[in-house]
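So the chains spell out like this:
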Amino acid sequence: MPSLPFTQVDAFADAPFTGNPAAVMPLDQWLDDATLQGIAAENNLSETAFTIPTPDDPDADYALRWFTPTVEVKLCGHATLASAHVLIGDRDAIRFRTRHAGILAVVRAGAGYELSLPAWEMQAKPLPDLAAGMGGDVLETRWRDGGYAMFVYRDAAAIRALTPDFAALRPAGDLLLMATAPGDDSDIISRVFVPGGGVDEDPVTGSAHCLLTPYWAARLGKTAISAVQASARGGRLGCTLAGDRVILTGGCRTVIEGRFLL
């Protein structure tokens with residue numbers, strides 16, 4: 001029976017059972033998209049990462065794609081970190097070519113890793129229907145084309161108390177919805193919801209911090225920010241704005257290794 005290697009990794013994890021689980025499945029060549037999507041649905045994690053080696057590519061070691069249980073996504077930070085954790089071997093750095101986010105590099109940093117992602121700015125925009133679905137007292141809303149919405153709240157307690165109406169938010173489509181505020185034991189706090197993409201609440205979202213970091217760097221007046229994502233699992237990230245890049249730091253833990261039977 002055909003089988004594929006399977007590793008489940010908790011990314012942006014500093015303790016057992018924290019961070020965001022991702023499945024990493026190295027391939028020799030791409031399978032058809034329907035099979036990739038079916039595997040991701042079977043895994044039923046927020047993301048499954050698929051890679052193939054690119055020996056003829058001078059700029060990347062692997063090509064990388066990410067799938068939720070229902071859709072392929074354009075950028076995923078935690079599954080990129082997890083892929084590096086599985087594939088880096090004895091190297092100090094590894095590079096991935098992606099379809100929509102260019103080259104993503106991961107380097108060793110002590111016991112963890114540094115992940116370089118693009119820094120994305122957002123624009124102020126009224127989002128009354130989405131804000132109503134998010135709930136709570138929204139102070140500010142921002143938007144970036146491509147399906148990214150930010151909702152700024154007063155404090156960490158407001159973020160932890162949110163109970164979004166997923167049934168109301170789901171018809172808006174595959175949007176990444178970020179709720180954020182100043183932190184209580186970190187510089188910033190956030191929660192991230194993607195109900196239209198098959199993930200009601202994402203445990204720890206690297207791609208969200210591509211957008212959160214530039215916003216909070218400007219607001220706080222500093223480029224190095226400590227971040228907490230306050231999902232049930234929880235996760236901590238270091239975020240540094242470096243020109244047009246965001247550098248995220250975090251650790252990984254391998255929790256499952258095996259074979260996926262096709």
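Every value quoted in this text rests on a predicted model; they were computed, and no experiment measured them.

*Asks:* Looking at this structure, I do not really get the overall build of the chain. What am I missing?
*Replies:* Per the secondary structure count, the chain includes six helices and 18 strands. For 262 residues, the compact-globule estimate of 2.2 N^0.38 gives 18 Å, and the C-alpha radius of gyration of the chain, at 18 Å, lies within 12% of that figure. Relative to its full complement of 262 residues, the chain shows a buried share of 53%. Counting only contacts in the chain whose residues sit at least 6 apart along the sequence, the fraction spanning at least 24 positions is 62%. Taken as a whole, the chain presents about 11100 Å² of accessible surface, with 52% of it coming from carbon and sulfur.

*Asks:* What's the story with the nonpolar core in this structure? I'm lost.
*Replies:* Counting 52 residues, the largest nonpolar core has Trp66, Leu75, Leu81, Ile94, Phe96, Val106 and Met178 as its most contacted members. Broken down by element, the residue count for this core peaks at seven residues, all from helix α6 (residues 208–220). Not counting residues up to four positions away in its chain, the partners in contact with Leu81 are Ala11, Phe12, Val106, Tyr113, Leu115, Gly250, Gly251 and Cys252. Formed by 20 residues, the second largest nonpolar core is a distinct cluster that contains Ala131, Met134, Ala156 and Ile159.

*Asks:* Just to check I follow, could you spell out the packing of aromatic side chains for this structure?
*Replies:* Pairs of aromatic rings are described using the distance from one ring centre to the other and the angle between the two planes. Applying the stated criterion to the full structure yields five aromatic pairs. Summarising the aromatic geometry, the rings of Phe50 and Phe67 are spaced 5.7 Å apart at their centres and angled 80° between planes, so their arrangement reads as edge-to-face. Residue Phe50 is located in strand β3 (residues 47–53), and its partner Phe67 is located in strand β4 (residues 62–67); the two are separated by 17 residues in the primary sequence. Overall, Phe50 belongs to the buried group, its relative accessible area being 0%. The ring of Trp30 has Arg65 sitting right over it, with the charged end atom 5.2 Å from the ring centre.

*Asks:* Can you walk me through the environment of Asp33 in this structure?
*Replies:* Relative to the helices and strands, Asp33 resides in helix α1 (residues 33–43). In this structure the side chain of Asp33 is engaged in a polar contact, spanning 3.1 Å, whose partner is the side chain of Arg65.

*Asks:* Would you take a moment to explain the side chain of Ser190 for this structure?
*Replies:* Assignment of secondary structure puts Ser190 in strand β13 (residues 188–194). Of the residues examined, Ser190 reaches a relative accessible area of 1% and is grouped as buried. Residues in contact with Ser190, not counting those within four places in the same chain, are Ile159, Ala179, Thr180, His209, Leu212, Val228, Gln229 and Ala230.

*Asks:* Would you explain α1 in this entry?
*Replies:* Helical periodicity: at 3.6 residues per turn, an α-helix aligns residues three or four positions apart in one direction. Regarding α1, the residues found buried are Leu36, Gln37, Ile39, Ala40 and Asn43. One face of α1 carries all of its buried residues, which in axial projection span an arc of 160°. The exposed set on the far side of α1, more than 90 degrees from its buried face, consists of Ala34 and Glu42. Close packing links the buried residues of α1 with β1 (3–11), β2 (20–26), β3, β4, β5 (72–73) and β18 (252–261). A distance of 3.2 Å separates the backbone nitrogen of Ala34 from a side-chain oxygen at the start of α1, and that oxygen is part of Asp32. Backbone geometry just downstream of α1 places Asn44 in the positive-phi region, at approximately 60°.

*Asks:* I keep staring at the side chain of Asp57 and nothing clicks. Help me out?
*Replies:* Relative to the elements of secondary structure, Asp57 occurs in the loop between β3 and β4. A distance of 2.9 Å separates a polar atom in the side chain of Asp57 from the backbone nitrogen of Asp59.

What counts as what
Residues numbered from 1 in each chain as written. Predicted model: local features only at pLDDT ≥ 70, side-chain atom pairs only at ≥ 80, totals over all residues. Heavy atoms only, no water. Helix = DSSP H or I, 4+ residues; strand = E, 2+ residues; numbered from the N terminus. Rg over C-alpha atoms; globule rule 2.2 N^0.38 Å. Buried < 20%, exposed > 50% of the residue type's maximum accessible area, 1.4 Å probe, protein only. Contact = heavy atoms within 4.5 Å. Areas by Shrake-Rupley, 256 points an atom, 1.4 Å probe, with all protein chains shown as cover. Core = buried A, V, L, I, M, F, W, Y, C linked by side-chain atoms within 4.5 Å. Phe/Tyr/Trp six-rings, centres within 6.5 Å; stacked < 30°, edge-to-face > 60°. Lys NZ or Arg CZ within 6 Å of the ring centre and 35° of its normal. Polar contact = N/O pair within 3.5 Å; in protein donor to acceptor, adjacent residues only side chain to side chain. Arc of directions from axis to C-beta.

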